[in-house]
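# Overview (structure and organization)
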Amino acid sequence: MSSSYLPATTESLIQATEAKDAQESISILYRVLEDPSSTSEALRIKEQAVSSLSDILREQCRAEELRNLLTQLRSFFAKIPKAKTAKIVRGIVDSVAKIPGTSHLQVSLCKEIVEWTRSEKRTFLRQRIEARLAALLMENKEYAEALSLLSGLIKEVRRLDDKLLLVEIDLLESKLHFSLRNLPKAKAALTAARTAANAIYVPPAQQGTIDLQSGILHAEEKDYKTGYSYFFEAFEAFNALEDPQAVYSLKYMLLCKIMVNQADDVAGIISSQKVGLHYQGPELDAMKAVADAHSKRSLKLFESALRDFKAQLEEDPIVHRHLSSLYDTLLEQNLCRLIEPFSRVEITHIAELIELPEDHVEKKLSQMILDKKFAGTLDQGAGCLVIFDDPKSDAIYPATLETISNIGKVVDSLFTRSAKIMA
């Protein structure tokens with residue numbers, strides 16, 4: 001960076017645009033920012049220079065320089081309105097977020113900005129950066145710190161009655177409690193977000209996020225039909241905005257179809273014109289493979305799908321949780337169907353029929369016996385499963401209980417009558 005500055009003029013910006021390489025553009029823009037002039041035109045040009053500089057540094061993946069840029073601009077922030085300062089700071093933070101592998105840098109950057117905003121008493125900016133920091137802490141699984149930060153922030157924002165920020169924070173709190181598996185609090189926070197959202201205009205992207213979270217919570221409660229409708233609303237919102245979250249909304253829609261035994265509908269949804277043109281890829285291929293396995297009741301195809309699409313199925317906590325339940329149900333149905341003709345059968349034979357490891361089958365059979373899914377026992381010495389006949393209930397016991405109950409009613413009636421006569 002040169003020691004001599006360039007005047008903050010449109011010509012300087014054009015010079016930066018026409019530079020032969022990115023490094024030269026960066027050097028010119030830094031020199032423009034060094035211009036001591038504080039006229040309204042010079043400040044406007046500097047704002048444009050900051051925007052261009054942050055874009056170039058983001059493209060060059062120079063996250064540390066973006067962080068240093070925020071520190072260097074503090075004297076400039078003192079000369080411009082607070083609203084413009086907030087816009088520039090949040091823009092640079094967004095630029096850092098678009099650079100891969102900068103999660104920890106973003107956390108430290110947000111903490112620095114929070115400290116600076118506290119000292120400068122810039123409450124509006126601080127609250128938004130703290131909300132961003134809580135989201136980053138949640139992504140890094142630092143749940144205790146994120147929850148502590150959010151609880152204080154919510155109280156402060158409610159006092160100020162900033163509805164739009166309150167929607168964002170309540171939604172973030174719902175996601176945080178869901179990550180901690182505290183569903184009642186996750187639902188309560190989502191209800192608070194919806195209540196605040198009903199009082200103001202909510203941007204479509206934010207409304208889509210609310211619908212997506214609503215779908216996730218309904219699916220968690222096994223209400224897949226309601227979950228599907230929320231995922232569909234979220235998909236419509238994100239699709240209109242061409243937001244990357246659209247494909248995840250669509251993925252969860254397909255998951256709901258599979259979980260309500262409508263796996264045959266998955267292929268039709270994927271091949272539809274709206275979906276087929278934009279969202280074909282591994283996420284939808286994974287759900288199609290699961291739907292095929294479910295339609296054919298094939299555990300082998302199911303396991304193959306889990307293995308081939310590990311990133312899309314196993315590493316997505318929402319999908320993984322539901323597919324684990326689906327896999328267990330499918331395995332139990334297949335085992336019950338296979339052992340039905342037998343009274344005594346080798347575990348090895350069952351494992352060969354179902355095409356799964358013997359120890360895995362033995363473990364599942366023992367679990368099913370304990371859960372009373374069928375009557376039987378494992379003879380581990382002989383390596384066999386012994387299936388008992390279903391115990392037939394004796395009809396005499398219910399009949400006896402009914403007779404005793406009727407006699408009790410008669411005695412009570414006679415006692416009431418005798419009490420009236422004696423009165």
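The rules behind the values
Residues numbered from 1 in each chain as written. Predicted model: local features only at pLDDT ≥ 70, side-chain atom pairs only at ≥ 80, totals over all residues. Heavy atoms only, no water. 1 Å grid on protein atoms, 1.4 Å probe; cavity = no way out; pocket = protein on both sides within 12 Å on 5 of 7 lines; lining within 4 Å. Points joined across faces, edges and corners; volume = space filled by probe spheres on them. Helix = DSSP H or I, 4+ residues; strand = E, 2+ residues; numbered from the N terminus. Nonpolar A, V, L, I, M, F, W, Y, C, P; charged D, E, K, R; others polar. pLDDT = per-residue confidence, 0-100. Expected span 1.5 Å × (residues − 1). Buried < 20%, exposed > 50% of the residue type's maximum accessible area, 1.4 Å probe, protein only. Polar contact = N/O pair within 3.5 Å; in protein donor to acceptor, adjacent residues only side chain to side chain. Pairing = 2+ DSSP bridges. Axes fitted to C-alpha atoms, helices over the stretch in contact; angles between N-to-C directions. Contact = heavy atoms within 4.5 Å.

## Considering the layout of surface pockets
There is about 1,600 Å³ of room inside the largest pocket. Contributing to the lining of the largest pocket are 40 residues, with Met138, Glu139, Leu172, Lys175 and Gln245 lying nearest its centre. Those elements that place two or more of their residues in the lining of the largest pocket are helix H7 (103–120), helix H8 (123–139), helix H10 (163–179), helix H12 (204–220), helix H14 (245–259), helix H19 (310–313) and helix H20 (317–339). Grouping the constituent residues of the lining of the largest pocket by class yields 20 nonpolar, eight polar and twelve charged. In this model, the second largest pocket occupies a volume close to 290 Å³. Surrounding the second largest pocket, 14 residues form its lining, Glu47, Ser51, Lys87, Ile88 and Gly91 being those nearest its centre.

## Things to note about the confidence of the model for the protein chain
Chain-level statistics for the protein chain give a pLDDT mean of 87 and a share of 97% at 70 or above. Confidence scores differ between elements of the protein chain, with helix H16 (residues 273–276) showing the lowest mean pLDDT of 63 and H12 the highest of 93.

## Things to note about H7
Given a rise of 1.5 Å per residue, 18 residues ought to cover 26 Å, and the 26 Å separating the end C-alpha atoms of H7 matches this to within 8%. Within the sequence span of H7, burial applies to Leu105, Gln106, Val107, Leu109, Cys110, Ile113, Val114, Trp116 and Thr117. The positive-phi residue at the C-terminal boundary of H7 is Lys121, with phi of around 60 degrees.

## Concerning the side chain of Glu283
Residue placement: Glu283 occurs in helix H17 (residues 282–295). Note on Glu283: relative accessible area 16%, which makes it buried. A distance of 2.7 Å separates polar atoms of two side chains, one belonging to Glu283 and the other to Lys251.

## So, the sheet that holds strand S1 (residues 344–346)
Across the sheet, which stays open at both edges, the three strands sit in the order S1-S3-S2 with antiparallel pairing between neighbours. Every other strand in the sheet has two partners, leaving S1 and strand S2 (376–379) as the edge strands with one partner each. If you compare each strand with its neighbour and ignore which way they point, the axes differ by 20 degrees on average. Sheet topology note: the S1/strand S3 (residues 384–387) ladder contains three bridges and is antiparallel. Opposite Val345, over in S3, you have Leu385 as the bridge partner. Packed on one face of the sheet, helix H22 (residues 358–370) meets S2 and S3 and runs near 145 degrees to S2.

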